[in-house]
Amino acid sequence: MNEEKMYEEVYRFLRKRENRAANIERIVEATGVTEDLLHRWVRKGRLQPALFPNLGYPCDKCGALTASGKLCVKCTDEIKKDLNTIEAAQELRDAMNEQDQRTYHAQRDRKQ
């Protein structure tokens, strides 16, 4: 069966009210389409999680289902937190270096 016919079969399955909340495993079981193909269709926007809430594709970092981007919300939040920590540490280092420079110049000025 070609990909377009498989897509049509999946879409017909999901259009039925009782199947709209089906998860990936149920869709695979009912239609015979592979998970990878379903993930690809969601990634491309052919199947929209807004209409079918249990659809998604694996996060590139942890494998949890996500509906947009390459990372799930949890991994995105972790990375943002890590970046904020790194930025705060850099600001602290910069402030300490600035303080060291002022102390050095103050001591040098006193000696002269």
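Conventions and cut-offs
- Residues numbered from 1 in each chain as written.
- Predicted model: local features only at pLDDT ≥ 70, side-chain atom pairs only at ≥ 80, totals over all residues.
- Heavy atoms only, no water.
- Helix = DSSP H or I, 4+ residues; strand = E, 2+ residues; numbered from the N terminus.
- Rg over C-alpha atoms; globule rule 2.2 N^0.38 Å.
- Axes fitted to C-alpha atoms, helices over the stretch in contact; angles between N-to-C directions.
- Parallel < 35°, antiparallel > 145°, perpendicular 65-115°, else oblique.
- Contact = heavy atoms within 4.5 Å.
- Nonpolar A, V, L, I, M, F, W, Y, C, P; charged D, E, K, R; others polar.
- Core = buried A, V, L, I, M, F, W, Y, C linked by side-chain atoms within 4.5 Å.
- Buried < 20%, exposed > 50% of the residue type's maximum accessible area, 1.4 Å probe, protein only.
- Disulfide = S-S within 2.5 Å.
- Arc of directions from axis to C-beta.
- Polar contact = N/O pair within 3.5 Å; in protein donor to acceptor, adjacent residues only side chain to side chain.
- Patch = residues over 30% accessible without salt bridge, like charges linked within 9 Å, V, L, I, M, F, W, Y side chains within 5 Å.
- Areas by Shrake-Rupley, 256 points an atom, 1.4 Å probe, with all protein chains shown as cover.
- Salt bridge = Lys/Arg side-chain N within 4 Å of Asp/Glu carboxyl O.
- Left-handed = near helix turned anticlockwise from the far one by under 90°.

J.: I keep staring at the overall build of the chain and nothing clicks. Help me out?
T.: Looking only at helices and strands, the chain has 4 helices and 2 strands in total. When the helices and strands of the chain are placed in sequence order, the string is α-α-α-β-β-α. Over its C-alpha trace the chain gives a radius of gyration of 26 Å, far above what one expects of a compact globule, namely 13 Å for 112 residues. With the C-alpha coordinates aligned to their principal axes, the bounding extent of the chain is approximately 90 × 25 × 20 Å.

J.: Can you help me understand the packing of helix α1 (residues 3–15) against helix α3 (residues 35–44) in this one?
T.: For any two helices packed against each other, the geometry comes down to the angle between their axes and how far apart the axes lie. Viewed as axis vectors pointing N to C, α1 and α3 meet at an angle of 80°, and their least axial separation amounts to 12 Å. When the axis of α1 is compared with that of α3, the two are roughly perpendicular. Every residue of α3 that contacts α1 at E3, M6, Y7 and V10 is listed here: L37, L38, R40 and W41. Class assignment of the residues belonging to the contact of α1 with α3 gives a composition of 6 nonpolar, no polar and 2 charged.

J.: It is not clear to me how the nonpolar core should be interpreted in this structure. Could you clarify?
T.: Taken as a class, soluble globular proteins show a tendency for nonpolar side chains to be buried jointly. If you look at the biggest cluster of nonpolar residues, it comprises 16 residues, and the most contacted ones within it are V10, L14, I27, L38, W41, L47 and L55. Looking at this core, the elements that each hand over two or more residues are α1, α2 (24–31) and α3. Setting aside its immediate chain neighbours within four residues, L55 contacts L14, I24, I27, V42, L47 and P49.

J.: I'm lost on the state of the cysteines in this one. Help?
T.: Linking two cysteines covalently via their sulfur atoms produces the bond known as a disulfide. For the structure shown, the criterion picks out 0 disulfides. Free of any disulfide, C75 has its nearest cysteine sulfur in C72, 3.7 Å distant. Residue classification places C75 among the buried positions, given a relative accessible area of 3%.

J.: Can you walk me through the side chain of T66 in this structure?
T.: With respect to the helices, strands and loops of the structure, T66 is situated in strand β2 (residues 65–66). Excluding residues that lie within four positions of it along the chain, T66 makes contacts with G56, Y57, P58, C59, L71 and C72.

J.: Help me understand the side chain of H39, please; the structure alone is not making it clear to me.
T.: Among the structural elements, H39 can be located in helix α3. The contacts of H39, once residues within four sequence positions are left out, are I24, G56, Y57, P58 and L65.

J.: What am I meant to see in α2 here?
T.: Each α-helix winds once per 3.6 residues, and so residues spaced three or four apart point in a common direction. Along α2, the residues that are buried comprise I24, I27 and T31. Seen along its axis, α2 keeps its buried residues to an arc of 65°; they face one direction. Buried residues in α2 make contact with α1, α3 and β2. Sitting at the amino-terminal end of α2 is N23, which places a side-chain oxygen 3.3 Å from the backbone nitrogen of E25. Note on α2: the residue one or two positions beyond its end, G32, has a positive phi of about 85°.

J.: Is there a simple way to think about a nonpolar patch on the surface in this case?
T.: A cluster of nonpolar side chains, I79, L83 and I86, forms an exposed patch at the surface whose accessible area comes to about 270 Å². Relative to the helices and strands, L83 is located in helix α4 (residues 73–111).

J.: Which parts of the structure should I look at to understand the packing of α1 against α2?
T.: Packing of α1 against α2 leaves a shortest axis separation of 10 Å and a crossing angle of 120°. For the element pair α1 / α2, the angle class is oblique. Regarding α1 and α2, the two cross each other, and that crossing is right-handed. Between α1 and α2, the contacting residues are E9, V10, F13 and L14 on the first element and R26, I27, A30 and T31 on the second. Residues of the contact of α1 with α2, tallied by class, amount to 5 nonpolar, 1 polar and 2 charged.

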